[in-house]
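Inside the fold
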Amino acid sequence: MRATTHQISNVDEALDILRRNFYALDADVLRPARNWTARFAVGGSAGVTLGDLDFGLDVRVVAGELGAYHVNLPLTGGLSWHQGRDEPRRALAGQTAAVFEPVGDTVVDQWDSDCRILAVKITRAELETQLERMLDRPVRGPVGLTPLLDISRGPGASWARLARMIATDVNNPDGLTEHPVIGARMRETLVTGLLLATDHRYRGPLDRQTPALAAPGAIRRVVDAMRTQPGRPFTVADLAEIAGVGSRALQQSFARYVGIPPMTYLKQLRLALVHDSLRAADPAATTVAQVAYRYGFTHPGRFAAAYRERYDTSPSETLRG
């Protein structure tokens, strides 16, 4: 879903937009101001919603139980919040982000007027299913994400950069988020990154996990699926489901039996199919971009570089014969 941008100068209208895209919430204005404007840009998918939100007023927001995992990443300013019976905490731009669980009454005690946040909503099914794939076993949620994420350094800073990059792409009319292949990988990476950047009940098992290798027959099923539908927007999670194992088990098994990661194999397969299609095509009726896009290549420059590295020629030269 491409982002929709709103500029509002009415509190009720601003709340209506937040309710439609996030949660059933209410807000109190702590410090009224004249000539204020709220600016919201909201987009994403059914599993992951991203919002670049600037209310423009000091407000207190009461949301009840969210029913989803959520991160408020301050881009400017700060906000104070608490969830359930926890003590109030504060998140500040460049330092910390607020992390919310699906359960527990949620209150943003003060969303400062100068605080612009990147709000990331991840459904329970999206996050917990991804964790199950990573662990290769069932998960009982909520997983207990720690309420503060350090975004000043380390994995937290990396995840914050990733979230900002994806949010920027959602706001870009020409971005890749809408592409079925790239968009799915972006969302999967965002959820996986959060699970690896935060502490939670499953962090120990996740760090210690050494998944059992998949059987050779399972890897053959994955290879057959890629060969049968090379243009399908596969993610690692999709391929792991076909194999009947978790994502980490698939990666390790593929490396053992095939010698390369599954997505590398898929890229090489697609390059070979593009090569064969270009050699057989009529240059007057076919373009390189058409063939490349058919097999999931969305960035012309990167595709051309990968093609030249593989075949020591350009795709246009192959097309011309």
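Residues numbered from 1 in each chain as written. Predicted model: local features only at pLDDT ≥ 70, side-chain atom pairs only at ≥ 80, totals over all residues. Heavy atoms only, no water.

Our focus in this paragraph is the sheet that holds strand 7 (residues 78-83). Spatially, 2-5-10-7-8 is the arrangement adopted by the five strands of the open sheet, whose pairing is antiparallel. Every interior strand has two partners, whereas the edge strands, strand 2 (26-31) and strand 8 (89-92), have only one. Averaged over all adjacent pairs, the angle separating strand axes in this sheet is 20°, with direction ignored. When strand 7 meets strand 10 (residues 106-111), the two strands line up antiparallel, connected through four bridges. Among the inter-strand pairings, His82 is bridged to a residue of strand 10, identified as Val107. (Pairing = 2+ DSSP bridges. Helix = DSSP H or I, 4+ residues; strand = E, 2+ residues; numbered from the N terminus. Axes fitted to C-alpha atoms, helices over the stretch in contact; angles between N-to-C directions.)

Another aspect to go through is the pattern of salt bridges. Summed over all chains, the structure comprises ten salt bridges. Between Arg133 and Glu241 there is a salt bridge; the shortest N-O distance is 4.0 Å. You can see Arg133 sitting in helix 2 (residues 124-135) and its partner Glu241 sitting in helix 7 (residues 236-243), a full 108 residues away along the chain. For Glu241, a relative accessible area of 57% translates into the label exposed. Among the ionic pairs, Arg203 bridges to Asp207, the shortest N-O distance being 3.1 Å. Here Arg203 pairs with Asp207, and both are found in helix 5 (residues 203-208), just four residues apart, close to one helical turn. Take Arg203: its relative accessible area is 19%, and that puts it in the buried class. (Salt bridge = Lys/Arg side-chain N within 4 Å of Asp/Glu carboxyl O. Buried < 20%, exposed > 50% of the residue type's maximum accessible area, 1.4 Å probe, protein only.)

Tracing the chain through its elements places Ser314 in the loop between helix 11 (300-311) and helix 12 (315-320). Separated by 3.1 Å, the side chains of Ser314 and Ser316 make a polar contact. In contact with Ser314, not counting residues within four places along its chain, are Tyr307 and Arg308. (Polar contact = N/O pair within 3.5 Å; in protein donor to acceptor, adjacent residues only side chain to side chain. Contact = heavy atoms within 4.5 Å.)

Right, let's get into the sheet that holds strand 9 (residues 96-100). Taking strand neighbours across the sheet as the criterion, the seven strands line up as 1-3-4-11-6-9-12 in an open arrangement whose pairing is antiparallel. Bordering the open sheet on either side are strand 1 (4-8) and strand 12 (148-150), each of which pairs with just one other strand. Averaged over neighbouring strand pairs, the angle between their axes works out to 20° when direction is ignored. By the bridge criterion, six bridges tie strand 3 (residues 38-44) to strand 4 (residues 48-54) in an arrangement that is antiparallel. By the bridge assignment for strand 4, Phe40 is matched with Leu53.

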